[in-house]
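A closer look at the structure
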Amino acid sequence: MKKTILILLIFISNILYSQYFWTGSKLLTRNFIDKNPSFGMKCRVSNPYLSFEFLVFERNTLINFSNICAIKMGYGGNFDSVFYVTSGNNLCRNPSVDYYKNFYNTPTVTLIVWEQYTGGRWNLFGRYHHSSTGWGSIFPVDTTSLNKYNPSVARQFSDNIFGVAYEKNNDIIYREFNVTSGAITYDTNLTSGDTSICRRPNLSVDNMWSSNDK
């Protein structure tokens, strides 16, 4: 009997939890070949119930190229129309996004990084949005030799410094950028002493650093 009661309680609590947090499915895009969606970091100590998030994804075509798109969306669906972060005839894929929010939980700087096939290899490019100046120009994150894959973005300790971790030649590279100038402020190979094949890094930020950290 004790086991039966325990299972029943767990079942009821799961129903209540799902009803509180989950809504029905929402159609965000249509009439396109959209793939590989990715959200920004969603954990916020100061305001865990912020009502929107950034979604980035690939928009593919039938003539062998794709662009990176972004939507600002909330619990009820998307707030804005789709924005084309890229608009060229290139192969662009695997976007990652993160942003800095101010004391009032308003995003001020957002950075999107993606893979793009140029020069016979996969390179990394980025583009940022500032709440007061709009979208900046696309800038290179890493266009040196060899292929670069699977970028992961995380805002660091100021509104214009972002970190990017990614694969390169079986190692994990970490770079920090001043997104408003495009300058590299820090660069290191995190696995230079590891002979293993290293894949798919993921960045996060210490939520306890301050009320503005994510």
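Summary of the structure given here. (Residues numbered from 1 in each chain as written. Predicted model: local features only at pLDDT ≥ 70, side-chain atom pairs only at ≥ 80, totals over all residues. Heavy atoms only, no water.)

1. Observations regarding the nonpolar core
We apply this condition: In this description, a nonpolar core means a group of buried Ala, Val, Leu, Ile, Met, Phe, Trp, Tyr and Cys residues linked to one another through side-chain atoms lying within 4.5 Å. Relative accessibility thresholds used throughout: buried, under 20% of the residue-type maximum; exposed, over 50%; partly exposed, between the two (1.4 Å probe, protein chains only). Going along the chain from the N terminus, every DSSP run of H or I of four or more residues is numbered as a helix, and every run of E of two or more is numbered as a strand. The criterion used for residue contact is that any of the two residues' heavy atoms lie within 4.5 Å.
Counting 14 residues, the largest nonpolar core has Leu111, Val141, Val164 and Val179 as the members making the most contacts within it. Of all the secondary structure elements, the ones that give two or more residues to this core are strand E7 (107–118), strand E8 (121–130), strand E10 (139–142), strand E12 (161–168) and strand E13 (171–178). Here Val164 is in contact with Val113, Val141, Pro151, Ser152, Val153, Ile173, Tyr174, Arg175, Phe177 and Leu203, once residues within four sequence places are set aside. Judged by nonpolar contacts, the second largest core, of 11 residues, contains Ile68, Ala70, Cys92 and Val97.

2. Considerations on the pairing of strand E3 (residues 66–74)
Regular strands have side chains that alternate between both faces of the sheet. Let me state the cut-off plainly: DSSP calls a pair of strands paired once it identifies at least 2 bridges connecting them.
With respect to burial, E3 is a largely interior element, 8 of its 9 residues being buried. Here E3 runs beside strand E5 (residues 83–84); their pairing, made up of 2 bridges, is antiparallel. Opposite Ala70, over in E5, you have Phe83 as the bridge partner.

3. Remarks on unusual backbone geometry
Residues other than glycine seldom take positive phi values, yet Asn31 does so here, at roughly 65°. For Asn31, the position within the fold is in the loop between helix H1 (2–21) and strand E1 (33–39). Backbone geometry at Asn64 places phi at a positive 65°, although glycine is not the residue there. Looking at the element boundaries, Asn64 is found in the loop between strand E2 (52–60) and E3. Among the residues examined, Asn64 registers a relative accessible area of 62% and is labelled exposed.

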